[in-house]
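# Residue-level structural notes
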Amino acid sequence: MRCELLDYELPEALIASRPPEERDGARLLLVDRGRGAGDVEHAAIRDLGRYVERGALVVVNDTKVVPARLFGKKRGTGGQVELFLLHRLDEAPAGGEDPAGGPRELAGGPREGAAHPERWRAMGRASKPIRPGAVLDLERDGALVAEVLERAEDGVLTVQLSSPAGLSVAAAIEAYGHVPLPPYLGRGDDASDRERYQTIFARVPGAVAAPTAGLHLSPGLVERLRANGVEIASVTLHVGLGTFQPVTVDDLDLHPMHAEVYSVPEATAGAVAAARKRGAPVIAIGTTVVRALETAADPARAGLVRAQSGETRLLIQPGYRFQVVDALLTNFHLPRSTLLALVFAFAGRERALLAYRAAIDAGYRFYSYGDAMLISGASTS
């Protein structure tokens, strides 16, 4: 796909810097792939149950956002520094059951109760380059200390984190770290972001960005869906910083797709199989769920998934044939992003662009804290 085809113009005033007052208070644009390309309807997230058929399977992402931004000073010089944690480098998962057998923490998030130092990949920002050997005293009273072990050619650091305060590294990050809001929000985090930049399903630490479609689901909305016979299942996909990486190449095939850790548990694989048996649709809450389910698609059994975990670099763009997902709830995404390419692949480029234009004309709010659209119906492409 030529990447100029991923462009659209968005008035800056439509970028949502804060979430709606209520979790399920956002607007919802309805896009039916079986109707005319410009034929959309306007609704509200709180009424989502009206548009999800009885017996449907709704799949959410249970990743938990790590407060990955840390501020401090270089020891010896006192220079200001910011550290953005990307992922933990421990080779083994932190504990729990096998990924295909049940819940456990995936490699990539802080380890609860771990008193020893931990090695992390991180990005650093300071007035001068952060070199190996530098020691960074982070947050209040040096609650965390980072020793810089390596600096890669692309500037990504390998650091060893420890907590002189006697806390585990995980507890210190949780207590003192800042919510890693996307830069396009144009503000720092505050106390409310601790709750609102986290879904109600958040369970497995490891993401450095929220699976934003899931932010819309409130306990009350989920209860109403279940009361209507809708089944809820989960996958884990730890959203990485690369989700914000713009496409800079001319041909999307040449884009270096970032890897993200994912897991599809046995229970979810079984739920997909049961939905197929009863003829019910599989509805993905967000592009992260799409990538996890489509990565785990069973090549031997059409429409089903295998319980598995690992890293995915799946790049979905127009021409991709979806194996598992029948409908998608998603926010409105950045131009020239792989997330927008996925939406184009699912809805069709013309239909998606007309839907975005309708949302802009109607004053919808865009990006992480913005409104959403539900893409459903049989594809005609």
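For the structure, check the block above.
Below is a short write-up of the structure.

Thresholds applied
- Residues numbered from 1 in each chain as written.
- Predicted model: local features only at pLDDT ≥ 70, side-chain atom pairs only at ≥ 80, totals over all residues.
- Heavy atoms only, no water.
- Helix = DSSP H or I, 4+ residues; strand = E, 2+ residues; numbered from the N terminus.
- Buried < 20%, exposed > 50% of the residue type's maximum accessible area, 1.4 Å probe, protein only.
- Contact = heavy atoms within 4.5 Å.
- Lys, Arg positive; Asp, Glu negative; His and termini not counted.
- Charge placed at Lys NZ, Arg CZ, Asp CG, Glu CD.
- Polar contact = N/O pair within 3.5 Å; in protein donor to acceptor, adjacent residues only side chain to side chain.
- Pairing = 2+ DSSP bridges.
- Axes fitted to C-alpha atoms, helices over the stretch in contact; angles between N-to-C directions.
- Core = buried A, V, L, I, M, F, W, Y, C linked by side-chain atoms within 4.5 Å.
- Nonpolar A, V, L, I, M, F, W, Y, C, P; charged D, E, K, R; others polar.
- Phe/Tyr/Trp six-rings, centres within 6.5 Å; stacked < 30°, edge-to-face > 60°.
- Lys NZ or Arg CZ within 6 Å of the ring centre and 35° of its normal.
- Salt bridge = Lys/Arg side-chain N within 4 Å of Asp/Glu carboxyl O.

So, on to the overall build of the chain. A count of helical and extended segments in the chain gives seven helices and 19 strands. Dimensions of the chain along its principal axes, counting C-alpha atoms only, are 65 × 45 × 40 Å. Out of the 381 residues in the chain, the part that is buried amounts to 54%. Sequence separation of 24 or more characterises 72% of the internal contacts of the chain that already satisfy a separation of 6 or more. Seen as two clouds, the 43 positive and the 47 negative side-chain charges of the chain have centres 0 Å apart.

What follows is about the side chain of Gln317. Take Gln317: it is sitting in the loop between strand S17 (308-312) and strand S18 (327-331). By relative accessible area, which is 10% here, Gln317 ends up buried. There is a polar contact of 3.2 Å between the side chain of Gln317 and the backbone nitrogen of Met1. Every residue in contact with Gln317, bar those within four places of it in the chain, is listed here: Met1, Leu252, Asp253, Ala341 and Ala345.

Right, let's talk about the sheet that holds strand S6 (residues 80-88) for a bit. Spatially, six strands are ordered S5-S6-S9-S12-S11-S10 in a closed barrel, and the strand pairing comes out antiparallel. Strand-to-strand twist of the sheet, defined as the mean angle between neighbouring strand axes without regard to direction, takes the value 45°. Direction of pairing for strand S9 (residues 118-126) relative to strand S12 (residues 157-162): antiparallel, over a ladder of five bridges. When the sheet's bridge partners are listed, Glu118 is paired in S12 with Leu161.

Core analysis: the biggest nonpolar cluster contains 59 residues, and Leu29, Leu293, Phe366 and Met373 have the highest contact counts within it. The element that contributes the greatest number of residues to this core is helix H6 (residues 338-347), accounting for eight residues. With residues near it in sequence (within four places) discarded, Leu293 still touches Val59, Val235, Val282, Val305, Val324 and Val325. Residues Leu83, Leu85, Val148 and Val169 belong to the second largest nonpolar core, which totals 25 residues.

With that settled, consider the packing of H6 against helix H7 (residues 349-361). Remark: H6 packs on H7, axes separated minimally by 6 Å, with the N-to-C direction vectors making an angle of 115°. Residue-level inspection shows Leu340, Val343, Phe344 and Ala347 of H6 in contact with H7, the latter providing Arg349, Arg351, Ala352, Leu353 and Tyr356. Of the residues belonging to the contact of H6 with H7, the class tally is seven nonpolar, no polar and two charged.

The next thing to look at is H6. Most of H6 is tucked away, with ten of its ten residues classed as buried. All of the buried residues along H6 are Thr338, Leu339, Leu340, Ala341, Leu342, Val343, Phe344, Ala345, Phe346 and Ala347. The secondary structure elements touched by the buried residues of H6 are helix H5 (287-295), S18, H7 and strand S19 (372-376).

Attention now moves to the packing of aromatic side chains. Under the defined criterion, the tally for this structure stands at eleven aromatic pairs. Between Tyr320 and Phe322, the ring centres sit 4.9 Å apart and the planes meet at 80°, which makes this aromatic pair edge-to-face. With relative accessibility at 18%, the residue Phe322 sits in the buried group. Among the aromatic residues, ring-to-ring pairing joins Tyr8, Tyr184, Phe332, Tyr356, Tyr364, Phe366 and Tyr367 into one connected group. A cation over an aromatic ring shows up here: Arg33 above the ring of Phe346, its NZ or CZ 4.1 Å from the ring centre.

Scanning the entire structure with this criterion turns up 18 salt bridges. The shortest N-O distance in the salt bridge between Asp7 and Arg336 comes to 3.2 Å. Taken together, the residues span a long stretch of sequence, with Asp7 in the segment before strand S1 (27-32) and Arg336 in the loop between S18 and H6 at a distance of 329 residues. On the accessibility criterion, Asp7 (37% relative accessible area) is partly exposed. On the accessibility criterion, Arg336 (24% relative accessible area) is partly exposed. Salt-bridge contacts for Asp39 lead to Arg35; the nearest nitrogen and oxygen are separated by 3.0 Å. Under the relative-accessibility criterion, Asp39 is labelled partly exposed at 33%.

A few words on the sheet that holds S19. Backbone hydrogen bonds are what pair the strands of a sheet, in a parallel or an antiparallel way. Spatially, nine strands are ordered S2-S1-S19-S18-S16-S3-S14-S15-S17 in an open sheet, and the strand pairing comes out mixed. Of all the strands in the sheet, just strand S2 (40-44) and S17 have a single pairing partner and so form its edges. Averaged over all pairs of adjacent strands, the angle between strand axes in this sheet comes to 25°, irrespective of strand direction. Pairing of strand S14 (residues 231-237) with strand S15 (residues 260-264), which is carried by two bridges, proceeds in the antiparallel orientation. Bridge pairing links Leu237 to Tyr262 in S15.

Looking at the secondary structure, you find Tyr176 in helix H1 (residues 169-176). The partly exposed category is assigned to Tyr176, whose relative accessible area is 21%. Put simply, Tyr176 and Gly242 are 66 residues apart on the chain and 24 Å apart in space, counted from C-alpha to C-alpha. Setting aside residues up to four positions removed in sequence, Tyr176 forms contacts with Leu70, Glu139, Arg140, Ala143, Leu167 and Arg194.

So, on to unusual backbone geometry. One non-glycine residue, Arg336, lies in the positive phi region at around 55°. Phi at Tyr367 is positive, roughly 75°, even though this residue is not glycine. When you line up the elements, Tyr367 lands in the loop between H7 and S19. When its relative accessible area of 6% is taken as the criterion, Tyr367 is described as buried.

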